[in-house]
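The residues making up each chain are set out below.
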Amino acid sequence: MITKFYEKCDENELLEAAQILKDGGLVAIPTETVYGLAANAYNGDAVTRVYEAKGRPTDNPMIVHISSIDEIHPLVTDFPESARALADAFWPGPLTMILPKSDLVPREVAPRLETVAVRMPSHPIARKIIELAGCPLAAPSANSSGSPSPTTAQHVLHDLDGKINAVVDGGECDVGIESTVITLATNPPRLLRPGGITVEQLEGVLGHVEVDPAVISELEDGVAPASPGMKYKHYSPKAQVYIVEGSLESFKFLVDSDMQQGDMALCFNGEEADLPIPSLPFGDESDPEAQAHLLFAQLRSFDEQGAKRVFVRAPSSEGVGLGVYNRLLRAAAFKILTPPVIYGLTGQTGAGKSTVAKELEKKGYLIVDGDVAAREVVEKGSPVLENLAKFFGSDILDENGELIRSALAKKAFANEENRQKLNAITHPAVTKWSIDFIKKNFADHKGAVIDAAAIFDSDIRRYCTKMIVVTAPEDIRLERILKRDGLTEDAAMLRIKAQKDEQYYKERADIIIRNYAPYTLADELNLL
Ligand code: TXA
Ligand code: MG
């Protein structure tokens, strides 16, 4: 079959498209959500051909599209007040309602169900075609079953060229993910598929709306889904998709730890340059509408670029984000990766960081000693040491080219500018060393702990899932330092006073460990 392509969308073309539908043919039409593969909803044979063209499982019912409210009455046996209120608020638009089905709806539209799904799209071309065809149109998304829904006419052709009678090109779809599906056949009403109309918007009209568990979790074997479409793996590029929870830094850490040929990332705008693998952005992190708009197009691009594994930055699941997250979960067949926990461990001198580190090591955590990292990066001949010598002068090196720590300290702490320069030269190297250390040694550990005094000043903080601050009152800390370092009391006090106060640490802590009586470390560490 030769698939006609209508791109002018003038009256003549739309009349032709409508005639094909009247004659029982299949036409892909633009809607504000995604492209739909339309057939006359009252023609069971035409509807059967839709299943065939898409390779769609025949138990997966279709949405019937109408262009005016009058068209709904012959389709349903009941049009309750709640449905009318939703129609007033959101039609035409990206909302599908499930209602009791009338006998006029052919069996093929909703096989084995007592209900029918109805939607009034807002796209002017879709509405015009429904009007000209003079009948409601059954239309699932116009993709091959299982692949991402099409948001351009080119996507439709990619999947269905030669299998359908025509495609009407109405440009890019606005919303980009399929309509919100709500069933009014249950009490309270239940959201079956999230989309452009949010749960909050629905609740604004209906009061409480239940969210079907299948929206964000995998159905257990043998449980029948409320919406048959929910049981299929969906929206998938050929690559294996993984959703990665957590921050950009932990995303990088995870992707970097096990890089393979063919790895790609789906990331937020502006993150591309920062990632160690090729990536495609799908909108700003805080803009779920933009993410919805681009999601399917980007999922398709991964195939074109030959991706084998796609790692996805997990989006927020608020508002329209719930729809985005729901589609990604299915694209990933519910594979979610959680990067390893990395704790930052810090505290004032004498608070007992090292004691806490030792306890955490016993509990199965990998400890990264910040002092060791700081020493390693200034080894003889290292680029960091060369840079330090360039800035602070070669008299910080002894005749063997080794660092004289006291000489560096004297210069670096002479003024604020020098101190910052020291940090700027050493911190990135310390961070890299620490992260490499974790990657190399992480196996069989529960998590990693970076034990470093100046962690709040360092970019290594970005890698930490949570910050642990160890505290103890000043007199106890003083006592510990005196015992440990054999200083005079004055020298010890000077050291204590040179640090930021306890408040500074506490404000920045996620977890506070009180390392002094009457508290015990065993109890305190139970918080982790
Ligand atoms: O935005 C959209 O809804 C697009 C455009 C073309 O309108 N259409 C669309 O259709 O996404 P489709 O077939 O890809 O998805 C329809 C979903 C499926 O998950 C199906 O199982 C569910 O709606 N559905 C249809 N009729 C149902 C019914 N009577 N009861 C429960 N679920 C139903
Ligand atoms: Mg679909």
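Residues numbered from 1 in each chain as written. Chains lettered and ligands numbered in written order. Predicted model: local features only at pLDDT ≥ 70, side-chain atom pairs only at ≥ 80, totals over all residues. Heavy atoms only, no water.

Peer 1: Can you explain the site of ligand 1? Please cite residues and give values.
Peer 2: Thr33, Arg56, Asn60, His65 and Ser179 are the nearest of the 25 residues found near ligand 1. Here Arg119 contributes a side-chain N or O atom positioned 3.0 Å from an oxygen atom of ligand 1. Between ligand 1 and Arg193, the relevant distance is 2.9 Å, taken from an oxygen atom to a side-chain nitrogen or oxygen of the residue. Compared with its free state, where it exposes 680 Å², ligand 1 has 96% of that area covered by protein. Placement of ligand 1 is best described as lying within the second largest pocket. If you tally residues by element for the shell around ligand 1, the top one is strand 6 (residues 115–119), at four residues. Here the residues of the shell around ligand 1 are counted per class, giving 12 nonpolar, nine polar and four charged. (Near = heavy atom within 4 Å. Polar contact = N/O pair within 3.5 Å; in protein donor to acceptor, adjacent residues only side chain to side chain. Areas by Shrake-Rupley, 256 points an atom, 1.4 Å probe, with all protein chains shown as cover. 1 Å grid on protein atoms, 1.4 Å probe; cavity = no way out; pocket = protein on both sides within 12 Å on 5 of 7 lines; lining within 4 Å. Sits in = over half its atoms within 2 Å of the grid points. Helix = DSSP H or I, 4+ residues; strand = E, 2+ residues; numbered from the N terminus. Nonpolar A, V, L, I, M, F, W, Y, C, P; charged D, E, K, R; others polar.)

Peer 1: Now, about the sheet that holds strand 12 (residues 240–244): what can you tell me, with residues and values included?
Peer 2: As summarised here, the arrangement of the five strands in space is 14-13-15-12-16, forming an open sheet in which the pairing is parallel. Edge strands, defined here as strands with exactly one partner in the open sheet, are strand 14 (279–281) and strand 16 (336–337). Bridge count between strand 12 and strand 15 (residues 309–313): five bridges; the pairing is parallel. Across the sheet, Tyr242 pairs through a bridge with Phe311, a residue of strand 15. Sitting on the sheet, helix 8 (residues 288–304) is in contact with strand 13 (263–267), strand 14 and strand 15, with an inclination near 170° to strand 13. (Pairing = 2+ DSSP bridges. Contact = heavy atoms within 4.5 Å. Axes fitted to C-alpha atoms, helices over the stretch in contact; angles between N-to-C directions.)

Peer 1: Explain the sheet that holds strand 4 (residues 63–65) to me, and be specific about the residues and the numbers.
Peer 2: What the 11 strands build is an open sheet, ordered 1-8-2-3-7-4-6-5-9-10-11; its pairing is mixed. Each edge of the open sheet is held by one strand with a lone partner, namely strand 1 (4–6) and strand 11 (210–211). Lying over the sheet, helix 3 (residues 81–90) contacts strand 5 (95–100) and strand 9 (180–183), oriented at roughly 160° with respect to strand 5.

Peer 1: So, the packing of aromatic side chains: which residues are in play, and what are the values?
Peer 2: What characterises a pair of aromatic rings is the spacing of the ring centres plus the angle enclosed by the ring planes. Considering all chains together, one arrives at nine aromatic pairs under this definition. With a centroid separation of 5.3 Å and an interplanar angle of 15°, the aromatic rings of Trp433 and Phe437 are classed as stacked. With Trp433 and Phe437 both in helix 14 (residues 416–441) and four residues apart, the pair spans about one turn of that helix. In this arrangement the basic side chain of Arg313 is found over the ring face of Phe251, its NZ or CZ atom lying 5.9 Å from the centre. Taking the ring centre of Tyr519 as reference, the NZ or CZ of Arg514 above it sits at 3.9 Å. (Phe/Tyr/Trp six-rings, centres within 6.5 Å; stacked < 30°, edge-to-face > 60°. Lys NZ or Arg CZ within 6 Å of the ring centre and 35° of its normal.)

Peer 1: Describe the layout of surface pockets, naming the residues involved and giving the relevant values.
Peer 2: Here the second largest pocket defines a volume of roughly 730 Å³. Lining the second largest pocket are 47 residues, and of these Asn60, Pro61, Ile63, Arg193 and Ser227 lie nearest its centre. Looking at the lining of the second largest pocket, the elements with two or more residues in it are strand 4, strand 6, strand 9, strand 10 (190–193) and helix 9 (321–331). Counting residues per element, the lining of the second largest pocket draws most heavily on strand 6, at four residues. (Points joined across faces, edges and corners; volume = space filled by probe spheres on them.)

Peer 1: Any chance you could break down the packing of helix 13 (residues 405–412) against helix 14 for me, citing the residues and the numbers?
Peer 2: Remark: helix 13 packs on helix 14, axes separated minimally by 8 Å, with the N-to-C direction vectors making an angle of 125°. Here helix 13 lies oblique to helix 14, going by the angle between them. Along the contact surface, helix 13 presents Leu408, Lys411 and Ala412, while helix 14 presents Asn418, Arg419 and Leu422. In terms of residue class, the contact of helix 13 with helix 14 is built from three nonpolar, one polar and two charged. (Parallel < 35°, antiparallel > 145°, perpendicular 65-115°, else oblique.)

Peer 1: Kindly report on the domain arrangement of the protein, identifying the contributing residues and their values.
Peer 2: Annotation of the protein at the domain level lists domain 1 (4–215), domain 2 (240–337) and domain 3 (342–391 + 428–527). Counting residues at the interface gives 28 residues for domain 1, matched by 17 residues for domain 2. When domain 1 packs against domain 2, close to 1600 Å² is buried across both sides, 55% of that on carbon and sulfur atoms. One can count two salt bridges joining domain 1 with domain 2. In this structure, Arg300 and Asp159 form a salt bridge, with 3.0 Å as the shortest nitrogen-oxygen distance. If you look at where domain 1 meets domain 2, you find 10 residue pairs in polar contact (both at pLDDT 80 or more). (Domains from an automatic or database assignment. Buried area = accessible area lost by both parts, 1.4 Å probe. Salt bridge = Lys/Arg side-chain N within 4 Å of Asp/Glu carboxyl O.)

Peer 1: Lay out the pattern of salt bridges in plain terms, naming residues and giving numbers.
Peer 2: A side chain of one charge can pair with a side chain of the opposite charge if their charged atoms are brought near each other. Taken as a whole, this structure holds 29 salt bridges when the rule is applied. In this structure, Arg190 engages Asp212 in a salt bridge whose closest nitrogen and oxygen atoms are separated by 2.9 Å. With Arg190 in strand 10 and Asp212 in the loop between strand 11 and strand 12, the pair connects residues that are 22 residues apart, well separated along the chain. The class of Asp212 is buried, set by a relative accessible area of 6%. (Buried < 20%, exposed > 50% of the residue type's maximum accessible area, 1.4 Å probe, protein only.)

Peer 1: Please give an account of helix 3 that cites residues and values.
Peer 2: Owing to its 3.6 residues per turn, the α-helix aligns residues three or four sequence positions apart on the same side. Along helix 3, the residues that are buried comprise Ala83, Leu86, Ala87 and Phe90. Taken end-on, helix 3 shows its buried residues confined to a sector of 100°, consistent with a single buried face. Facing away from the buried side of helix 3 by over 90 degrees, the exposed positions are Glu81 and Asp88. (Arc of directions from axis to C-beta.)

Peer 1: Tell me what's going on with the packing of helix 8 against helix 9, and back it up with residues and numbers.
Peer 2: Two elements in contact, helix 8 and helix 9, have axes whose closest approach is 8 Å; the angle formed by their N-to-C orientations is 25°. With respect to each other, helix 8 and helix 9 are oriented roughly parallel. Read as a crossing pair, helix 8 and helix 9 show a hand that is left-handed. Across the interface between the two elements, Pro288, Gln291, Ala292, Leu295, Phe296 and Leu299 from helix 8 touch Gly321, Val324, Arg327, Leu328 and Ala331 from helix 9. Tallied by class, the residues present in the contact of helix 8 with helix 9 amount to eight nonpolar, two polar and one charged. (Left-handed = near helix turned anticlockwise from the far one by under 90°.)

Peer 1: Describe the pairing of strand 21 (residues 511–514), naming the residues involved and giving the relevant values.
Peer 2: On a regular strand, one side chain projects to one face of the sheet and the next to the other, so that they alternate. Burial along strand 21 is one-sided: Ile511 and Ile513 are buried, while Ile512 and Arg514, pointing the other way, are not. The pairing of strand 20 (residues 466–471) with strand 21 spans four bridges and is classified as parallel. Residue pairing across strands places Val470 opposite Ile513, the latter belonging to strand 21.

Peer 1: An account of the nonpolar core is requested, with residue identities and associated values reported.
Peer 2: Leu37, Trp91, Leu95, Met97, Ile164 and Leu202 are the most contacted members of the largest nonpolar core, which has 48 residues in total. With five residues, the single largest contributor to this core is helix 2 (residues 44–54). Those residues within four positions of Leu202 in sequence are excluded, and the remaining contacts are Leu86, Phe90, Leu95, Thr180, Ile182, Leu191, Ile197, Gly207 and Val209. Listed in part, the 28 residues of the second largest apolar core include Ile177, Phe296, Val312 and Val324. (Core = buried A, V, L, I, M, F, W, Y, C linked by side-chain atoms within 4.5 Å.)

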